[in-house]
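# Results of the structural survey
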Amino acid sequence: MTARGAAAADVEAAGPRRVIPRATYRLQLHAGFPFAAAAQVAPYLARLGVSHVYSSPYLQAAPGSTHGYDVVDPRAVNRELGGEAAHAALSEALGQAGLGQVLDVVPNHMAIGGPENPWWWDVLENGPASRYAGHFDVDWTHPEAHLRNRVLLPVLDDHYGRVLERGDLRLEWDRRRFTIRFGDRRFPVAPPSLDDLLRLAAKRAGSDELAFLADAYAALPPSSAVDLESIERRHRDKEVLGRRLTELAGNPVILDAIDAAVAATNADVDALDRLLERQNYRLAWWTAASRDLGYRRFFDVSTLAGVRAEDERVFQDTHGLVLDWLAGGVLDGVRIDHPDGLLDPEGYLRRLRWASPRAWVVVEKILEPGESLRRSWPVAGTTGYDFVRLAGGLWIDPDGVAPLRAIHAEVTGEDRPFVEIARTSKAQVLREVLGSELGRLTALLLDVAERHRRHRDHTRHVLHEAIAAILVAFPVYRTYVRVDEDGEGRPTPHIVPEDEAVIATAVTAAIEAHPELPPDLLWFIADLLRLRITGEPELEFTLRFQQLTGPVMAKGVEDTAFYRDLSVLAANEVGGDPANPAVAPEAFHAELAATQERWPSTMLAGSTHDTKRGEDVRARLAVLTEIPDRWRTVVAELRALAAPGRSEAGPDGHAEYLALQTIVGAWPIAADRLNAFLVKALREAKLRTSWGRADEAYEAAVTSWAAAALADEAFRARVEAFVAEILRPGRVNGLAQTLLRLTAPGVPDLYQGSELWSLTLVDPDNRRPVDFALRERLLAELETGPPGIAHLVPALDDPADPGRPKLALIRAALGVRRGCPDAFGEDARYRPLVATGRRASRILAFARSDEVVTVVPRLTTRLGDGWGDTTLELPAGRWRDELSGRVHEAGGPLPVADLLEAAPVALLTRAS
């Protein structure tokens, strides 16, 4: 049976052409866990109850990639994972296990590290005359003359002249091609620039034919000649010349002459400099990336270049293999990485839907609170970060938020509200990290202003500051203004009211924050962004602006502010809202009802490869909002116990408070894991150290202090004692959140390993090897033991328990999804169930098509004497709790104490 056939037999079908997973299991593939390893765990995943494996990207990635997002060749299967044969074997194994497959796809960027990416290599070799120049988002019309028609490569470890003069740049020839080497990096040599070197070699060898080749190389069409005929002639002729040069090198005299010419060039700094200046790229110190880069990056990663997926040819070239797999049933769906980076996300998704109408497509779209996914997008939904925020917020006690903010201020000295921290973080990122992108936008706006007499006299600086002010004030990741064509092929501006409102809000905020800037200029920019002023350069500015707001939000908020404001760490997650972290049950129900109506097949996440803390770390840290006074006492005690390891160099209060919460949230944790996280988190915060300007002395002071604290017996004992206090409520939170994810409208995802307690931290910690042998053994024990989780409740108090109750809960809930498909399909109904009584606010329940009922507790540390008079009215009938085995007769209010007596959560199905 094929993977397609097996999966189709055991999943929820939505129409004749689409397959919607029952549940997915994310696997992170890499050389240490290749296709063969994934194939081995397929039977276990099928027994667990998921319907689909959800794989990290596995097209050909950069050598040694541990995540797959650095694709170098989208036309090939990653050889380090086993290549085509192993991929076919995996597909067969999944089919045999009855599993389908979903693949993570990266349309926005490619890795450009070296010759492994043949398209980028061709761009560096041939410049604008490359056959692939249009594949990458390169600005060949850079405002700086020395960068026009050249790519700035910020890869050097010092100023170019210093690197050159110390001999770290070398010309090499391997008898097939000439390259420039810097360390372990290589770069191509533009064929026309070989003329002088070959003339020198011809003179040494006395070879007329070699001299002829030198002249022929010089006569190649220049890289600035971008008409089709010149491009084809350049590529044809350079290949012919290259082959002839290799043939001539078979003559020892000519070979020695060429080698001597290469050596002479390397020995002459001026000669090597002249050669380098003739290349289609400019090697530079890595710091230049923040200001002068001429290609769009993935955020601030200079080794990942933006791809123009909006171009039909580029789309076909980059998606051909994936589309073949979708058409052939190897894949049932795709997860689209970072669609906000694309010039036209909706246009891209429409093209994808047209090319693969049966695919289940979810997008990694980060929605801010109150923001909705665009209904016009032809997708099933998001990858679930909105659910992480929504579900996690239920277990944050709103009464504890202010006290925790006060503790944060006492320890760190930071008492500003989160919105202000986020604003200053975004401004810093724009200034220090995304300056190249801002400079490119400024150049575009300068050209636009020249066309409008009321704004042509604004200086570049004023335009620069105006754009920055609006970017910083932007309240969401991006808008989606686009230009469609009407029935006669004429361009038609398209903007929805939501985008109008977002732009107006941002500009109003920018004017208020920057009274020194001309308001009419800011509203002029607003009119450009709202397509009220049209024209080709105006439209390009608008589209480019939309591509930059996402990186500003991601780098400024997710990767900076979230590491600065440590008040309620459980809320500092992708798509989270630390300013308003608590979610009321009424808001939760309203959101889930809307999800069932609009996006019933969206993905629901708990942990992902991008989450900063595993789901059970967040669940434990959420308990702190219920006991802020107790936490204040514990913090003071732990700081005192760790004080002997502190030095004048560090840590400061920020690093100390970050470490203490991390220790408590992820306990037990070893020093190597903790310190790796601390270094990354502190660099992301950009307060005392950063990726661009690492203060290694400060980092060493922090990590030595942390290691000393963990080695101290009294400190460890105090941590263990406090974790014992919050262990059970944290685990109950984790079970409750897991059950919500498995039964809410949408498709639940399990991140690898998270079927047991998931105490991971940000990557690469969350990509550590998963002990699947342990999980298979525990699942086998559950399969032969009592059903449900009631018999495992005592394990909630056992620090050594790896997660048996959670594994049993997942197995049972996925069994219910399989047995009651109509309760979870696109036509299912979602109905909140309202509790009454003194503890009513501490219970959350809902029914799915009146066939399945979920009941979970919240904020349990304040239950005191129990549930008391709290009751819940179920739909009439007999209900069996799949987690305890109990049967309840419903025809009126049922005591919550009875529902949750045997297990801390309940999953009810109609009993016959």
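Up top is the structure these notes are about.
Our subject in this report is the structure included herewith. (Residues numbered from 1 in each chain as written. Predicted model: local features only at pLDDT ≥ 70, side-chain atom pairs only at ≥ 80, totals over all residues. Heavy atoms only, no water.)

### Some points on the overall build of the protein chain
A count of helices and strands for the protein chain gives 31 helices and 31 strands. Relative to the globule expectation of 29 Å for 912 residues, the C-alpha radius of gyration of the protein chain, 30 Å, shows essentially globular dimensions. Expressed along its principal axes, the backbone C-alpha trace of the protein chain runs to roughly 100 × 65 × 65 Å. Looking at the 912 residues of the protein chain, the share that counts as buried comes to 61%. (Helix = DSSP H or I, 4+ residues; strand = E, 2+ residues; numbered from the N terminus. Rg over C-alpha atoms; globule rule 2.2 N^0.38 Å. Buried < 20%, exposed > 50% of the residue type's maximum accessible area, 1.4 Å probe, protein only.)

### Description of the pairing of strand 7 (residues 100-105)
Within strand 7, six of the six residues are buried, which leaves it mostly tucked inside the rest of the structure. Burial along strand 7 is two-sided: the face carrying Gly100, Val102 and Asp104 and the face carrying Gln101, Leu103 and Val105 are both buried. Relative to strand 7, strand 4 (residues 52-55) runs parallel, the two being bridged by four bridges. Across the sheet, His52 pairs through a bridge with Gly100, a residue of strand 7. (Pairing = 2+ DSSP bridges.)

### With respect to empty space enclosed by the protein
Within the structure shown, the criterion is met by 13 cavities of 30 Å³ or more. For the largest cavity, the calculated volume is near 240 Å³. Elements that contribute at least two residues to the lining of the largest cavity include exactly strand 14 (297-298), helix 17 (435-450) and helix 21 (536-558). Residue composition of the lining of the largest cavity, grouped by class: eight nonpolar, six polar and five charged. In terms of lining residues, the second largest cavity is bounded by 18 residues, among which Arg389, Gly392, Gly393, Ala570 and Ala571 are the most central. Elements represented by at least two residues in the lining of the second largest cavity include exactly helix 14 (385-393) and helix 23 (615-622). In terms of residue class, the lining of the second largest cavity is made up of eight nonpolar, five polar and five charged. (1 Å grid on protein atoms, 1.4 Å probe; cavity = no way out; pocket = protein on both sides within 12 Å on 5 of 7 lines; lining within 4 Å. Points joined across faces, edges and corners; volume = space filled by probe spheres on them. Nonpolar A, V, L, I, M, F, W, Y, C, P; charged D, E, K, R; others polar.)

### Regarding the pattern of salt bridges
Per the stated rule, a full pass over the model turns up 81 salt bridges. Across the pair Lys806 and Asp616 runs a salt bridge whose closest N-O atoms are separated by 2.7 Å. With Lys806 in helix 30 (residues 804-819) and Asp616 in helix 23, this residue pair connects regions lying 190 residues apart in the sequence. Connected via shared salt-bridge partners are Arg26, Asp104, Arg335, Asp337 and Glu364. (Salt bridge = Lys/Arg side-chain N within 4 Å of Asp/Glu carboxyl O.)

### Structural notes on the sheet that holds strand 28 (residues 877-881)
Strand order in the open sheet made by the six strands is 23-25-26-31-28-29, with antiparallel pairing throughout. Of all the strands in the sheet, just strand 23 (830-833) and strand 29 (887-890) have a single pairing partner and so form its edges. Along the sheet, successive strands turn relative to each other by an average axial angle of 25°, direction set aside. Sheet topology note: the strand 25 (residues 843-848)/strand 26 (residues 852-857) ladder contains six bridges and is antiparallel. Paired with Ala845 across the strands is Val855, a residue of strand 26. Against the sheet, helix 28 (residues 713-743) engages strand 25, strand 26 and strand 31 (906-910), with an angle of about 155° to strand 26. (Axes fitted to C-alpha atoms, helices over the stretch in contact; angles between N-to-C directions. Contact = heavy atoms within 4.5 Å.)

### Digging into the environment of Glu851
Relative to the elements of secondary structure, Glu851 occurs in the loop between strand 25 and strand 26. On the basis of relative accessible area, Glu851 is assigned to the partly exposed category, the value being 37%. In this structure the C-alpha to C-alpha distance between Glu851 and Ser607, which are 244 residues apart in sequence, comes to 28 Å.

### So, the side chain of Arg839
Mapped onto the elements, Arg839 comes out in the loop between strand 24 (835-836) and strand 25. Apart from residues no more than four positions distant in its own chain, Arg839 is found in contact with Arg862, Leu863, Gly864, Asp865, Gly866, Trp867 and Thr870.

### Here we look at the sheet that holds strand 14
One open sheet accounts for three strands, arranged 8-15-14; its pairing is antiparallel. The open sheet has two edge strands, strand 8 (109-111) and strand 14, and neither has a second partner. Bridge analysis of strand 14 against strand 15 (residues 301-306) gives two bridges, and the strand direction is antiparallel. Note that in strand 15 the partner of Phe298 across the bridge is Val301.

### As for the nonpolar core
By size, the foremost hydrophobic cluster in this structure holds 148 residues, and its most contacted members are Leu27, Phe588 and Trp631. No other element matches the 11 residues that helix 28 contributes to this core. Dropping the residues within four chain positions of it, Phe588 is found in contact with Phe387, Leu390, Ala391, Leu394, Val583, Leu740, Tyr830, Leu844 and Phe846. Ranked by size, the runner-up nonpolar core spans 60 residues in total, among them Trp120, Leu164, Ala261 and Tyr295. (Core = buried A, V, L, I, M, F, W, Y, C linked by side-chain atoms within 4.5 Å.)

### Points about helix 2 (residues 35-48)
In this model, helix 2 (14 residues) spans 20 Å end to end at C-alpha, consistent with the 20 Å of a helix rising 1.5 Å per residue. Of all the bends in helix 2, the greatest reaches close to 40° and is centred on Ala42; the proline Pro43 follows between one and four positions later. Burial runs high along helix 2: 10 of the 14 residues are buried. The first or second residue beyond helix 2 is Gly49, which carries a positive phi of 120°. (Expected span 1.5 Å × (residues − 1). Bend = angle between axes of the 7 residues up to and from the residue.)

### Notes on a negative patch on the surface
On the surface, a cluster of negative charge is made up of Asp447, Glu450, Glu536 and Glu540. The class for Glu536 is exposed, based on a relative accessible area of 70%. (Patch = residues over 30% accessible without salt bridge, like charges linked within 9 Å, V, L, I, M, F, W, Y side chains within 5 Å. Areas by Shrake-Rupley, 256 points an atom, 1.4 Å probe, with all protein chains shown as cover. Lys, Arg positive; Asp, Glu negative; His and termini not counted. Charge placed at Lys NZ, Arg CZ, Asp CG, Glu CD.)

### Details of helix 21
Here helix 21 is 23 residues long and its end C-alpha atoms lie 33 Å apart, about the 33 Å a rise of 1.5 Å per residue gives. Of all 23 residues in helix 21, 19 are buried; the element is thus mostly enclosed.

### Brief notes about the packing of helix 17 against helix 21
Direction vectors running N to C along helix 17 and helix 21 enclose 160°, while the axes themselves pass 9 Å from each other. Taken as axis vectors, helix 17 and helix 21 run roughly antiparallel relative to one another. Two packed elements cross with a definite hand, and for helix 17 against helix 21 that hand is left-handed. Across from Glu437, Leu438, Arg440, Leu441, Leu444, Leu445 and Val448 in helix 17, the residues of helix 21 making contact are Pro537, Glu538, Glu540, Phe541, Arg544, Phe545 and Leu548. Taken together, the residues of the contact of helix 17 with helix 21 break down into nine nonpolar, no polar and five charged. (Parallel < 35°, antiparallel > 145°, perpendicular 65-115°, else oblique. Left-handed = near helix turned anticlockwise from the far one by under 90°.)

### Describing the pairing of strand 12 (residues 185-188)
As judged from the four bridges shared by strand 11 (residues 178-182) and strand 12, these two strands associate in the antiparallel manner. Considered in strand 12, the bridge of Thr179 is made with Pro188. Linkage of strand 11 to strand 12, two consecutive antiparallel strands, is achieved through a turn of two residues, within which Gly183 is found at a positive phi near 60°.

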